[in-house]
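Here are the chains, one letter per residue:
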Amino acid sequence: MLLCPLCSGSSGNATLAEIGGARILIDAGKPCRTIEGALAAAGIPPQTITALVITHEHSDHVMGAGIFSRKYDVPIYANAGTWEGMQPQIGEVAPRNTRVIATGRDFYLKDVNVTPFKTPHDSNESVGYAFCANGHKISVMTDIGHAGPELLAYVEHSDLLLIEANHDPELVKSCAYPYVTKRRILSSTGHLSNEDAGLALAQLYMHGVRQAILGHLSRDNNFEELALSTVRAQLRAADIPDAAFALAVAHRDRLTGRFEIAE
Ligand SMILES: [Zn+2]
Ligand SMILES: [Zn+2]
């Protein structure tokens, strides 16, 4: 079982998960050749990708999806709302590769049970994904305005979780963005702050989560060390020792690494 964040942040997102005999690309929000380069760095031939699953239609999640699907004949899975929003951006996708899923309803990719779960974000129908096989679980959840108990329940007992740590609220307030953009980022359907990511992980620790990768960092209102130290401080405040919770940060424009767990 393997998780490789290929790129992560407001300028583009793509993550590879290998589990239950399937190689699943979650989002393709960079030009196709950039994704190919990151896959090569991870040692994954693009021809071996089983499926592309999409979280929502924002361009930082779908930019290269159409080209990738056409070039490698890979099916794209997304719910109806996301299909509607992304179709004009990604061009023609072969009918055999157009797979419409239902939010909240599990489906299978090879031996992997996939759960697309609703996330609070200002798009048509955004989701996160939980992938389960052979008693293991990998989850990906970014672009979440807030992380309430219902949302967290979907990712409990993940062996590995990619969670958003988007910004520091004080940096957002003092940055040069227009007021409406700031309000959007900070709203309950915008993006998750470092602090809220830390609080979410402290909750998830009570439900078996011991390893997380922080992702989708804002380019202007966050940096890797700040995300890491803020989340770590929240875990310590909840009496969770550093050695009991493994943390990493996903890089913006290059492969972060290969996070492996024995199946
Ligand atoms: Zn995004
Ligand atoms: Zn988004």
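Preceding this section is the structure that the text describes.
Residues numbered from 1 in each chain as written. Chains lettered and ligands numbered in written order. Predicted model: local features only at pLDDT ≥ 70, side-chain atom pairs only at ≥ 80, totals over all residues.

### Describing the sheet that holds strand β11 (residues 160-164)
Reasoning step 1: With mixed pairing, seven strands are arranged side by side in an open sheet as β7-β8-β9-β10-β11-β12-β13. Each edge of the sheet is formed by a strand with only one pairing partner; in this case those strands are β7 (107-109) and β13 (246-249). Along the sheet, successive strands turn relative to each other by an average axial angle of 25°, direction set aside.
Reasoning step 2: Along the sheet, helix α8 (residues 194-205) makes contact with β11 and β12 (211-215), crossing β11 at roughly 150°.
Reasoning step 3: Lying on the sheet, helix α9 (residues 224-237) is in contact with β12 and β13; it crosses β13 at an angle near 155°. (Pairing = 2+ DSSP bridges. Helix = DSSP H or I, 4+ residues; strand = E, 2+ residues; numbered from the N terminus. Axes fitted to C-alpha atoms, helices over the stretch in contact; angles between N-to-C directions. Contact = placed C-beta atoms within 7 Å.)

### Topic: the environment of Gly198
Reasoning step 1: Mapped onto the elements, Gly198 comes out in helix α8.
Reasoning step 2: Take Gly198: there are 28 C-beta atoms within 10 Å of it, and that puts it in the buried class.
Reasoning step 3: For the pair formed by Gly198 and Ala237, sequence separation is 39 residues and the distance between their alpha carbons is 9.8 Å.
Reasoning step 4: When near neighbours in sequence (up to four residues on either side) are disregarded, Gly198 contacts Thr230, Val231, Ala233, Gln234 and Leu235. (Buried ≥ 20, exposed ≤ 12 C-beta atoms within 10 Å, placed from the backbone.)

### Quick look at unusual backbone geometry
Of all residues except glycine, most have a negative phi; of all peptide bonds, most are trans.
Reasoning step 1: Within the chain, Asp27 stands out as a residue other than glycine whose phi angle is a positive 65°.
Reasoning step 2: Along the chain, the position of Asp27 falls in the loop between β3 (22-26) and α1 (32-42).
Reasoning step 3: A count of 29 C-beta atoms within 10 Å places Asp27 in the buried class.

### Let's talk about the nonpolar core
Reasoning step 1: Grouped together as the largest cluster of nonpolar side chains are 71 residues, with contacts concentrated most on Leu52, Phe131, Ile163 and Leu214.
Reasoning step 2: A per-element tally of this core places strand β9 (residues 127-133) first, with six residues. (Core = buried A, V, L, I, M, F, W, Y, C linked by C-beta atoms within 7 Å.)

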